[in-house]
Every structure is written in structure tokens, then in C-alpha cells.
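Each chain is listed here by its residues.
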Amino acid sequence: MKRLIFAAGSCLLWAGLLMIQSCSSAPEKPSAYVVEIKDMKFVPEDITVKKGDTITFINRDMMAHDVTEETAKSWSSGKMEADVSWKLVVSEAATYYCSIHTVMKGKIELE
Ligand SMILES: [Cu+2]
């Protein structure tokens with residue numbers, strides 16, 4: 001009887017260890033986010049992501065827009081016609097704008 005209890009106990013211990021290990025060693029999967037462009041705005045205007053996450057910008061307006069990094073113009077979607085989408089893999093925090101309508105601004109923050 002003692003042995004049976006011991007066996008059950010060590011089983012639980014192993015299950016616990018395995019759970020800890022799988023939690024701590026599994027790399028976090030990148031997340032995917034969507035920013036819609038509608039009514040001359042980026043929605044949401046501010047977004048907080050992790051490095052390596054993907055943001056898909058979708059133009060829901062009737063007119064063309066773009067998504068351009070503001071400070072150094074280090075990346076840009078190019079002109080996006082209506083219903084066109086463009087993906088950005090985030091490597092750093094950034095502020096961006098639409099170079100066609102410079103009042104349109106957005107911000108990417110890193111968690
Ligand atoms: Cu625009």
C-alpha cells in the first residue's frame with residue numbers, strides 16, 4: 001500500500017515538473033494584430049505589441065492611403081488602394097503616418 005501511494009505521488013511530481021518545463025521552455029508565439037484604416041484614421045491609433053508580432057494594416061476607406069514610418073521613413077507600405085492590406089513584422093517601436101494625408105498618424109509601442 002505504501003508503495004502504491006509513493007508511485008502515485010511521484011507521478012504527480014513528474015506531471016508537475018513537465019508542466020513547469022513546457023511553460024518555461026516553449027517560445028512565445030508571435031501574435032497577429034489588425035489596424036484598420038477608416039474615415040481617415042488608423043484604428044486603433046496606438047497599438048502595443050511585442051517584437052516579432054505582425055500588424056496587418058487594412059485600408060477600409062474608399063481612397064488610397066499608405067503607412068509610412070515617420071522619423072526616418074525606414075519602412076512604408078506604399079500606396080494602398082481601397083481594401084488593400086499590408087503586413088508589417090514589428091522590430092521596433094515607431095510612430096507612423098499616411099504620407100498622402102499627413103494628419104493621419106499612429107503609434108506602435110513595444111510591450
Ligand atoms: Cu491617407
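Predicted model, so just to flag it, every value in this text is computed and none were measured. (Residues numbered from 1 in each chain as written. Predicted model: local features only at pLDDT ≥ 70, side-chain atom pairs only at ≥ 80, totals over all residues. Heavy atoms only, no water.)

Caption draft 1: The arrangement of the sheet that holds strand S7 (residues 94-97) in detail. The four strands lie next to each other as S3-S8-S7-S5, forming an open sheet whose pairing is mixed. Single-partner strands in this sheet number two, and they are strand S3 (46-49) and strand S5 (68-69). (Pairing = 2+ DSSP bridges. Helix = DSSP H or I, 4+ residues; strand = E, 2+ residues; numbered from the N terminus.)

Caption draft 2: Region of interest: the sheet that holds strand S6 (residues 85-89). Strand order in this open sheet of four strands is S2-S1-S4-S6, and the pairing throughout is mixed. Of all strands in the sheet, those with a lone pairing partner are strand S2 (41-43) and S6, marking the two edges. Taking the axes of each pair of neighbouring strands and ignoring which way they run, one obtains an average angle of 25° across the sheet. In this sheet, S6 lies alongside strand S4 (residues 54-59) in antiparallel orientation, the contact comprising five bridges. Bridge pairing in S6 places Phe57 opposite Trp86. (Axes fitted to C-alpha atoms, helices over the stretch in contact; angles between N-to-C directions.)

The values reported here are purely geometric and, on their own, carry no functional implication.
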